[in-house]
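# Examination of the molecular architecture
What follows is each chain in one-letter form.
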Amino acid sequence: MPDWEKQLNGSWKIKIGCDNMGFKRYFVLIGFILLAYILYSIDLGKLIAIVSNANAFLLSLTLVLFAANLSLKALKWKTIIKANGLEYEFSKCFSGWASGFFISIFTPARIGDFARSLYLSKDKKIALGEAFSTVLIERIIDIALILLLGFVSVLIFALVFGKEIISLQILGIVIAIFAVLVIFFLKKKYVKIILKPFFNMLIPEQHKEKMQLNFSAFYGSIQKLKSRKLLVAKATIIGLLTWIITIVFAYLIIQALNLNVPIYYCFVLVPIIGLVDLIPLSISGLGTREAVAILLLSFYSISPENAVAFSLLYYALGYMPPAITGFYFLTKRPINIKKFTVEE
């Protein structure tokens with residue numbers, strides 16, 4: 001057995017779900033069932049021919065955008081860490097972000113991304129709760145941007161094509177609920193009141209002190225971030241830049257496939273795909289993303305085969321390079337998921 005396979009089956013083996021979460025595992029399978037149905041329904045020979053005839057040079061340019069995007073995402077996390085009063089080397093932010101991304105592709109809604117907080121906690125010798133807060137704030141910024149850009153995209157789509165692919169009212173309610181939950185969650189005293197009964201009933205006595213320390217460290221970190229709003233705003237701007245790069249990335253794939261879709265439509269297409277990726281119905285959006293691509297690109301008379309080719313290339317070139325990068329860094333600094341620790 002190769003060394004990397006031993007590691008994958010050993011110290012940082014990733015388990016999706018656990019024995020008492022069978023329902024969630026099956027729920028996630030919806031995306032794979034949907035993908036299988038889509039592939040069954042289209043002409044696979046035509047799909048293979050479309051991908052085979054794609055412009056290799058334009059597709060290679062997407063790798064440049066991947067490197068730029070990954071660097072910006074690492075910089076965004078570094079900016080949040082700096083807002084927390086810590087200096088963390090860019091190289092470690094880069095490797096940590098990539099490693100977290102690799103783990104996240106196996107989990108719905110990318111919850112595995114929080115594993116990178118283990119690196120920060122170990123390297124800076126801070127409480128895990130404090131490190132966790134930097135990843136959480138970054139994810140809140142990401143989700144807020146996706147929701148806002150998605151809402152604008154759905155609105156534009158409704159105005160131009162006269163159809164609501166996602167109910168604007170429901171989306172507006174989701175955004176409002178998200179905002180209220182974030183505001184509430186950032187208030188320590190309210191969260192403490194709600195969590196206290198669960199803390200007393202569910203947390204074993206030997207772990208209570210450590211949990212309390214991490215809880216206090218988490219909200220101490222949140223207070224620091226609140227006092228450094230300019231750095232948080234800078235991180236938000238960086239996040240917006242990553243979305244612009246992603247839109248250009250998508251347009252390059254469309255051009256590589258020689259599809260007659262204008263670049264301004266990508267400003268509608270990509271945020272809606274990002275919005276659907278948030279729905280925990282699959283791993284890495286597989287299945288749901290293809291369905292949305294077929295629907296959205298049909299308004300420009302793009303065939304289902306071309307739409308699926310776009311979606312699969314979007315996944316292969318947008319997800320696999322950072323995942324491979326993360327895999328490499330994980331082999332250098334493995335994470336033991338069961339113990340939730342970094343193994344040197």
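Analysis parameters
Along every chain, residues carry numbers that run from 1 in the direction the sequence is written. Given that this is a predicted model, residues contribute local features only at a pLDDT of at least 70 and side-chain atom pairs are listed and counted only at 80 or more, while totals for whole chains, interfaces and linings are drawn from all residues. With hydrogens and water set aside, each side-chain value is computed from the structure's full complement of heavy atoms. Only runs of H or I of at least four residues qualify as helices and only runs of E of at least two qualify as strands under DSSP, and these elements are numbered from the N terminus. Here's how the labels work: a residue is buried when its accessible area is under 20% of the maximum for its type, exposed when over 50%, partly exposed in between, all with a 1.4 Å probe on protein chains only. Two residues qualify as a contact provided that any one of their heavy atoms is within 4.5 Å of a heavy atom in the partner residue. Interaxial angles span 0 to 180 degrees and are taken between N-to-C directions of axes, which are lines fitted to C-alpha atoms, for helices over the stretch in contact. Here is the rule for angles: anything less than 35 degrees is roughly parallel, anything more than 145 is roughly antiparallel, 65 through 115 is roughly perpendicular, and the remaining ranges are oblique. Note on convention: the crossing is left-handed when the near helix lies turned anticlockwise from the far helix by less than a right angle, right-handed when the turn is clockwise. Amino acids outside the nonpolar list (Ala, Val, Leu, Ile, Met, Phe, Trp, Tyr, Cys, Pro) and the charged list (Asp, Glu, Lys, Arg) are all regarded as polar, and Gly is one of them. By nonpolar core is meant a set of buried Ala, Val, Leu, Ile, Met, Phe, Trp, Tyr and Cys residues that side-chain atoms within 4.5 Å join together. One side-chain nitrogen of Lys or Arg within 4 Å of one carboxyl oxygen of Asp or Glu is enough to make a salt bridge. Definitions used for this entry: grid spacing 1 Å over protein atoms alone; cavity, a set of points where a 1.4 Å probe fits but cannot get out; pocket, an open set with protein on both sides within 12 Å along at least 5 of 7 lines; lining residue, one with an atom within 4 Å of a point. Grid points are joined across faces, edges and corners, and a volume is the space filled by probe spheres set on the points. Polar contact criterion, stated in full: a pair of N or O atoms within 3.5 Å, where within protein one must be able to donate a hydrogen and the other to accept it, and residues adjacent in sequence count only if both atoms are side-chain atoms. Pairing of aromatic rings covers Phe, Tyr and the six-membered ring of Trp, with a centre-to-centre limit of 6.5 Å; geometry is then stacked below 30 degrees between planes, edge-to-face above 60, and tilted otherwise. Like-charged residues within 9 Å of one another, or nonpolar side chains (Val, Leu, Ile, Met, Phe, Trp, Tyr) within 5 Å, are grouped into patches, provided each residue has over 30% relative accessible area and no salt bridge. What sets the accessible areas is the Shrake-Rupley method with a 1.4 Å probe; for residues, cover comes only from the shown protein chains.

Here we come to the overall build of the chain. When helices and strands are counted, the chain shows 15 helices and two strands. Considering the chain as a whole, with its 344 residues, one finds that 47% of them fall into the buried category. Taking the contacts inside the chain whose residues are at least 6 apart along the sequence as the reference set, 72% of them involve residues at least 24 apart.

Packed helices, taken two at a time, are described by the angle between their axes plus the distance between the axes. Two elements in contact, helix α7 (residues 128-161) and helix α11 (residues 229-256), have axes whose closest approach is 10 Å; the angle formed by their N-to-C orientations is 55 degrees. Of the possible angle classes, the one that applies to α7 and α11 is oblique. Along this stretch, α7 crosses α11, giving a crossing that reads as right-handed. Contact with α7, carried on its side by I141, L145, I146 and L149, involves V232, A235, T236, G239, L240 and W243 of α11 and no other residues of that element. The class makeup of the residues in the contact of α7 with α11 is eight nonpolar, two polar and no charged.

What follows covers the nonpolar core. Formed by 97 residues in total, the largest nonpolar core has its most connected members in I137, I253, L257, L297, F310, Y314 and I335. Apart from residues lying up to four places away in sequence, L297 is in contact with V261, Y265, L269, I302, A307 and F310.

Attention now moves to the pattern of salt bridges. In the structure shown here, the tally under the stated rule is nine salt bridges. A salt bridge links E130 to K224, with the shortest nitrogen-to-oxygen separation between them at 3.4 Å. With E130 in helix α7 and K224 in helix α10 (residues 205-226), this residue pair connects regions lying 94 residues apart in the sequence. Overall, the relative accessible area of 12% leaves E130 in the buried class. With a relative accessible area of 33%, K224 lands in the partly exposed category. Among the salt bridges present, the one from R289 reaches E290, with a minimum N-O distance of 3.9 Å. The two residues R289 and E290 agree in class, both being buried. Ionic contacts of the salt-bridge type, sharing partners, join the residues K76, R116, E138, R139 and D142 into one network.

This part covers the layout of surface pockets. Picture a little ball the size of a water molecule; that probe, rolled over the atoms, points out where space is still empty. Considered as a void within the structure, the largest pocket measures approximately 1100 Å³ in volume. Lining the largest pocket are 32 residues, and of these K210, M211, Q212, N214 and F215 lie nearest its centre. Where the lining of the largest pocket is concerned, the elements lending two or more residues are α6 (117-124), α7, α9 (188-202), α10 and β2 (341-342). By residue number, the principal contributor to the lining of the largest pocket is α10, which donates nine residues. Here the lining of the largest pocket is composed, by residue class, of 18 nonpolar, eight polar and six charged.

What follows deals with the environment of S311. By the secondary structure assignment, S311 is in helix α14 (residues 304-318). Counting along the chain gives 57 residues from S311 to I254, while the straight-line C-alpha distance between them is 9.8 Å. Apart from the residues within four sequence positions on either side, S311 is in contact with R289, E290 and A293. In terms of polar contacts, S311 uses its side chain to reach the side chain of E290, at 2.8 Å.

One pass over the structure, following the stated rule, counts 24 aromatic pairs. Look at W77 and Y88: their rings are 6.0 Å apart centre to centre, the planes differ by 80 degrees, and that puts the pair in the edge-to-face class. Here Y88 lies in the loop between α4 (56-83) and α5 (90-104) and W77 lies in helix α4, a separation of 11 residues in the sequence. Each member of the pair W77 and Y88 is classed as buried. Ring geometry for W97 against F101: centres 5.5 Å apart, planes inclined by 15 degrees, an arrangement best described as stacked. Here W97 and its partner F101 are both found in helix α5, four residues apart, which amounts to about one turn of the helix. Considered together, W97 and F101 belong to a single accessibility category, that of buried residues. Among the aromatic residues, ring-to-ring pairing joins F114, F132, F185, F215, F218 and Y219 into one connected group.

Here the focus is a nonpolar patch on the surface. Taken together, the side chains of F184, Y190, I193, I194, L195, F198, M201 and L202 make up a nonpolar region of the molecular surface, amounting to roughly 830 Å² of accessible area. Here F198 is to be found in helix α9.

Interpretation note: all reported values are geometric properties and have no functional meaning in isolation.
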